[in-house]
2 protein chains.
Amino acid sequence: MRRPTIADIAERVGVSKGAVSFALNGRPGVGEATRARILQVAKEMNWRPHSAARALGGARAEAVGLVIARPASTLGVEPFFAQLLSGLQAGLSAQSVALHLLIVEDVEAETEVYREWASAHRVDGFVMVDLKVRDPRIEVLEDLGVPAVVLGGPGGHGNLSSVWADDRGAMLSVVDYLAALGHRRMAHVAGLPAFLHTQRRTRALRDRAGRLDLEEAVSVHTDFSDSEGAAATRALLSRSRRPTAIVYDSDVMALAGLGVAGEMGVKVPDELSIVAFDDSVLTRIAHPAISALSRDTFAFGKQFAEVMLEVIAEPGLRRDVETATPRLVVRESTAPPRAWQDD
Amino acid sequence: MRRPTIADIAERVGVSKGAVSFALNGRPGVGEATRARILQVAKEMNWRPHSAARALGGARAEAVGLVIARPASTLGVEPFFAQLLSGLQAGLSAQSVALHLLIVEDVEAETEVYREWASAHRVDGFVMVDLKVRDPRIEVLEDLGVPAVVLGGPGGHGNLSSVWADDRGAMLSVVDYLAALGHRRMAHVAGLPAFLHTQRRTRALRDRAGRLDLEEAVSVHTDFSDSEGAAATRALLSRSRRPTAIVYDSDVMALAGLGVAGEMGVKVPDELSIVAFDDSVLTRIAHPAISALSRDTFAFGKQFAEVMLEVIAEPGLRRDVETATPRLVVRESTAPPRAWQDD
């Protein structure tokens, strides 16, 4: 499924690469009959005029494509994503490579855009985010044969390169810490079950809960929005036996959860400990400040850009890069549960 | 300085547009001599192969360029910019138009990129942000003759289209409100003096201070960073006669200022009122919550995208669009000054 090059056409027709280049670019230097034959073969091989620049050797689109199947309104809200994009842009811009961004309705539209941009050679490679369990986009990108790097893993990204952090390890560190504080009933306000990282975190909690013999460890799925984060928190805190600690899959949801605790008169951290995956200014200026799994997201984005540029520079290269595991930064929202203190 | 089209070349050579199209695209259908003549004229007119798609009538890059001369690390931090970009992307994506983003070192590099992208036809138009006083980029974009829309105004954007909000009116509404509360000594922690909107806000404060006969109204310039916002606040609160109200040019700086007030034991709002230009989750979750000039930034970005798409669809169209003036939303950080209450 590799796009045909000038060399492929030259071989098929039995002429020099120069002759093909002249013919395809409408320059003099090749006879009319040969020109017609070259154009005919180019058409049969599905060679597209737009990829001329690249086929001619080395000239690039100087852009990396990022197609996002999320509601646009949520993009400016999530500090993690904004920081990641900044780091990505910083890394690419250092090499004067632009980021070619489009928001689409769903994954089907996303793969459609991959095909279009690849054939029109709008970009030199793709960044794929929001890796899902058995993600159909992986095969599409593999078939297109364009450089692509997946944000997410380990595993689940086929033959494509990937950059990831250890979500399982991060979740285990939180569960261990909360258990050490004395928490026996924990909840996890998770993202969409289709996301690979959501699944990893959910499994890590369940596995560790078994080993630690916790009384309760439940994961509740949401769409990552603050409203669903709030609703999940209301449901959890309305139970006759409440969890004493809740881990949220994002800082935005943790903040929403903190708001619900306030509205229901549940004291944080005395009656409820709160931990956020993803750290940002939101967790730091919240009142009380929220304990969070923290990493340098800007640096993470920059590192991703470097891998992307390597893969573009050397087609066929496959990188599988683990980045630093997010570390738990403890602030004011976590403490031993009051019931436990009273024992 | 308009890019030559197929029609221009056809006119010069004295052949049909179809003949020019055949010749430039290396397709049969035109004699060798005519082809050579067409290619010669195309070369003289500086016609570039990359703009073929467009010259052929209607085919577009399906992308809008945004070149930003700001440190990448600040982009993920400022909620206003993140929201604006989200709205812009939402508006463009609705028409399947991508945003082609690059971060550069300075304005010179920015104009260089404008030239490159225009000649290689990487984009159908440009979004220009951070409008400055006597901005050199305006002339560059005018000369390139590509569709462009400036974020900023009114005025100062030459013959280019622009989308803007009334910064002067917004600042006047804040000064009037603070004066009505009894404040006589106000400060303005402003952005870079080169920015047109900074200049407008600074002038509005000075003009109104004169009319209201305020005791003091000073604008201090910063680079918009939280560290310079904090430093400016420290300097203002270290004066023997402090301002009783400070207006910050961004939510990020207002938050930094609130932190400094806390560190220096200056009570907000009793001893110091704080107002932020730009509203976001930061001002809402701050403690106390910060009064701010608020607007729907996502909708603003979307409106901008619509104007951009209109200008691309109808080259030569000039739009000058005023959007809703930011409205003061009063929260917990503004009150009558204590000294005044004690009178």
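Bear in mind the structure is a predicted one, so any value in this text is a computation, not a measurement.

Before going further, it helps to spend a moment on the interface of chain B and chain A. Listed by partner, the interface residues are 42 residues for chain B and 42 residues for chain A. Across the chain B to chain A interface the summed buried area is about 3200 Å²; carbon plus sulfur atoms make up 60%. Where chain B meets chain A, there are 2 salt bridges. For Arg35 of chain A, the salt bridge is made with Glu32 of chain B, and the minimal N-O distance between the two is 4.0 Å. Across the chain B-chain A interface, the total number found is 9 residue pairs in polar contact (both at pLDDT 80 or more). When the residues that make up the side of chain B that touches chain A are grouped by side-chain class, the tally is 24 nonpolar, 12 polar and 6 charged. As defined by bridge partners, strand S2 (residues 98-103) of chain A adjoins strand S2 (residues 98-103) of chain B across 3 bridges and the pair is classed as antiparallel. Within S2 of chain B, the position partnered with Leu101 of chain A by the bridge is Leu99 of chain B.

Across the junction of Gly153 of chain A and Pro154 of chain A, the peptide omega takes the value 0°, indicating a cis bond. For Pro154 of chain A, the location among the structural elements is in the loop between strand S4 (148-151) and strand S5 (161-164). In this chain, Val268 of chain A is followed by Pro269 of chain A through a cis amide linkage whose omega measures 10°. Within the secondary structure, Pro269 of chain A sits in the loop between helix H12 (251-263) and strand S9 (273-277). In the Ramachandran plot, Arg134 of chain A falls in the positive-phi region, its phi being about 50° despite a non-glycine side chain. In this structure, Arg134 of chain A sits in the loop between strand S3 (125-128) and helix H8 (136-144). Notably, Phe224 of chain B is not glycine yet its phi reads approximately 80°, a positive angle.

This paragraph deals with helix H12 (residues 251-263) of chain B. Residues and elements named next belong to chain B. An ideal rise of 1.5 Å per residue puts 18 Å on 13 residues; H12 measures up with 19 Å between its terminal C-alpha atoms. Where burial is concerned, most of H12 is hidden: 10 out of the 13 residues are buried. Two residues or fewer after H12 comes Gly265, characterised by a positive phi angle close to 70°.

In this section: the domain arrangement of chain A. Residues and elements named next belong to chain A. In terms of domains, chain A is made up of domain 1 (6-55), domain 2 (63-165 + 298-324) and domain 3 (167-294 + 328-342). Centre-to-centre separation of domain 2 and domain 3, based on C-alpha positions: 29 Å. Between domain 2 and domain 3, the contact holds 12 residues from the first and 12 residues from the second. Summing the contributions of domain 2 and of domain 3, the shared interface buries around 1000 Å²; its carbon and sulfur component is 63%. In this structure, the connection of domain 2 to domain 3 is made through 5 residue pairs in polar contact (both at pLDDT 80 or more). Class assignment for the residues of the side of domain 2 that touches domain 3 results in 7 nonpolar, 2 polar and 3 charged.

Right, let's talk about the packing of helix H11 (residues 226-237) of chain B against H12 of chain B for a bit. Residues and elements named next belong to chain B. Interhelical geometry of H11 versus H12 gives an angle of 45° and a closest axis separation of 8 Å. With respect to their mutual orientation, H11 and H12 come out oblique. Crossing geometry of H11 relative to H12 is assigned as right-handed. The residues of H12 that touch H11, namely those facing Asp226, Gly229, Ala230, Thr233, Arg234 and Leu237, are Val252, Met253, Ala256, Gly257, Val260, Ala261 and Glu263. Class assignment for the residues of the contact of H11 with H12 results in 7 nonpolar, 3 polar and 3 charged.

Once that is clear, we can look at empty space enclosed by the protein. Over the atoms, a rolled probe matching the size of one water molecule traces out where space is still vacant. Summed over all chains, the structure comprises 4 cavities of 30 Å³ or more. Reported here for the largest cavity is a volume of approximately 180 Å³. In terms of lining residues, the largest cavity is bounded by 16 residues, among which Ala82, Leu85 and Gln89 of chain A together with Ala82 and Leu85 of chain B are the most central. Of all the elements in the fold, those that place two or more residues in the lining of the largest cavity are helix H6 (79-93) of chain A together with helix H6 (79-93) of chain B.

What follows is about the pattern of salt bridges. Across all of its chains, the model carries 30 salt bridges over all chains by this definition. Taking the shortest distance from any N to any O, the salt bridge between Glu216 of chain B and Arg239 of chain B comes out at 2.8 Å. With Glu216 of chain B in strand S7 (residues 216-221) and Arg239 of chain B in the loop between H11 and strand S8 (245-248), this pair connects stretches of sequence that are 23 residues apart. A relative accessible area of 22% means that Glu216 of chain B is categorised as partly exposed. Bridged by salt links that share partners, the residues Glu110, Asp135 and Arg137 of chain A form one connected network.

Residue and element names in this part refer to chain B. Note: strand S6 (residues 185-190) against S7, 6 bridges, orientation parallel. Opposite Ala190, over in S7, you have His221 as the bridge partner. Crossover S6 to S7 through helix H10 (residues 196-212) is right-handed.

By definition, the strands of a sheet pair up through backbone hydrogen bonds, in either a parallel or an antiparallel sense. All names here are of chain B. Taken in spatial order, the 6 strands make up an open sheet running S7-S6-S8-S9-S10-S12, and their pairing is mixed. Looking at which strands have only one partner, the edges of the open sheet turn out to be S7 and strand S12 (327-329). Here the average twist between neighbouring strands, direction ignored, is 20°. One ladder, built from 3 bridges, connects strand S10 (residues 291-294) with S12; its direction is antiparallel. Looking across to S12, one finds that Ser294 is bridged to Arg327. Contacts from H10 reach S6, S7 and strand S9 (273-277) within the one sheet, and its direction differs from that of S7 by about 165°. Contacts between H12 and the sheet are confined to S6, S8 and S9, with S9 contributing the most and set at about 160° to the helix.

Procedures and definitions
Residues numbered from 1 in each chain as written. Chains lettered and ligands numbered in written order. Predicted model: local features only at pLDDT ≥ 70, side-chain atom pairs only at ≥ 80, totals over all residues. Heavy atoms only, no water. Contact = heavy atoms within 4.5 Å. Buried area = accessible area lost by both parts, 1.4 Å probe. Salt bridge = Lys/Arg side-chain N within 4 Å of Asp/Glu carboxyl O. Polar contact = N/O pair within 3.5 Å; in protein donor to acceptor, adjacent residues only side chain to side chain. Nonpolar A, V, L, I, M, F, W, Y, C, P; charged D, E, K, R; others polar. Pairing = 2+ DSSP bridges. Helix = DSSP H or I, 4+ residues; strand = E, 2+ residues; numbered from the N terminus. Expected span 1.5 Å × (residues − 1). Buried < 20%, exposed > 50% of the residue type's maximum accessible area, 1.4 Å probe, protein only. Domains from an automatic or database assignment. Axes fitted to C-alpha atoms, helices over the stretch in contact; angles between N-to-C directions. Parallel < 35°, antiparallel > 145°, perpendicular 65-115°, else oblique. Left-handed = near helix turned anticlockwise from the far one by under 90°. 1 Å grid on protein atoms, 1.4 Å probe; cavity = no way out; pocket = protein on both sides within 12 Å on 5 of 7 lines; lining within 4 Å. Points joined across faces, edges and corners; volume = space filled by probe spheres on them. Right-handed = clockwise from strand over helix to strand, strands pointing away.

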